[in-house]
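Okay, here's what each chain looks like letter by letter:
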Amino acid sequence: MTARILLVEDEELNRVLVRAVLARADDPDVRDARLVEAGTLAAARDELRHPDQIDVVLLDMNLPDGSGLDLATEIADIEEKPKVIALTASVLPSDRAAALEAGCDGFLDKPYAAADLVTVIATHLPH
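Residues numbered from 1 in each chain as written. Predicted model: local features only at pLDDT ≥ 70, side-chain atom pairs only at ≥ 80, totals over all residues. Heavy atoms only, no water.

An unreviewed UniProt entry annotates the protein as Two-component system KDP operon response regulator KdpE of Catenuloplanes nepalensis.

Below you can see the structure in the form of structure tokens.
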């Protein structure tokens, strides 16, 4: 079964980067995953109407219509929730703690190395 990754990111350049990293990933599960993109919290909520169809959410913390922490909290309440990886330019320990407290399963600082993105996705994909 092909994994599905929801990328919640408002910056087009960052979405292009993630697409390129996934397309070139050494890990076949990551490379073959189906990427779904949302540029806002509202669009992400639409994609998550069927959470069983999403395996991993790559979640930007600062979006034009609110905080990714709000969405992480909502996802944490889903019975069979997808794994959530926070992506943020903030490197403060308090921001990392807030993301994990909101229900994120992992955290990746921007800018991140392509290998680190692949590793964190691979770690959280269902096997």
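**Let's talk about the sheet that holds strand S1 (residues 4-8)**
If you walk across this open sheet you meet the 5 strands as S2-S1-S3-S6-S7, and the pairing is parallel. Since the sheet does not close on itself, it has two edges, and those belong to strand S2 (34-38) and strand S7 (106-109), each with one partner. On average, each strand axis in the sheet is inclined to that of its neighbour by 20 degrees, with strand direction left out of account. Two elements, strand S3 (residues 56-60) and strand S6 (residues 83-88), share 5 bridges in a ladder whose sense is parallel. Residue pairing for S6: leucine 58 is matched across the bridge by isoleucine 85. The sheet contacts of helix H5 (residues 93-101) involve S6 and S7, and relative to S7 the element is tilted by about 145 degrees. (Pairing = 2+ DSSP bridges. Helix = DSSP H or I, 4+ residues; strand = E, 2+ residues; numbered from the N terminus. Axes fitted to C-alpha atoms, helices over the stretch in contact; angles between N-to-C directions. Contact = heavy atoms within 4.5 Å.)

**Some remarks on the UniProt feature "modified residue: 4-aspartylphosphate" (unreviewed entry) in the protein**
Taking the UniProt record as the reference, the feature "modified residue: 4-aspartylphosphate" (unreviewed entry) is found at Asp60. On the secondary structure map, aspartate 60 appears in strand S3. You can call aspartate 60 buried: its relative accessible area is 5%. Not counting the four nearest positions on each side in its chain, aspartate 60 is found in contact with Val8, Glu9, Asp10, Gly68, Leu87 and Lys110. (UniProt positions renumbered as here; feature names shortened; annotations may be inferred. Buried < 20%, exposed > 50% of the residue type's maximum accessible area, 1.4 Å probe, protein only.)

**Things to note about the pairing of S1**
The buried fraction of S1 is high, at 5 of 5 residues. On S1, burial covers both faces: Arg4, Leu6 and Val8 on one face and Ile5 and Leu7 on the other are all buried. With 5 bridges connecting them, S1 and S2 associate as parallel partners. Within S2, the position partnered with leucine 7 by the bridge is glutamate 37. Bridge analysis of S1 against S3 gives 4 bridges, and the strand direction is parallel. Bridging from a neighbouring strand, valine 8 pairs with leucine 59 of S3.

**Focus on the pairing of S3**
Every regular strand shows the same layout, with side chains that alternate between the two sheet faces. Of all 5 residues making up S3, 5 are buried, and the element is well covered by its neighbours. By the alternation rule, side chains of S3 split into Val56, Leu58 and Asp60 and Val57 and Leu59, which are all buried.

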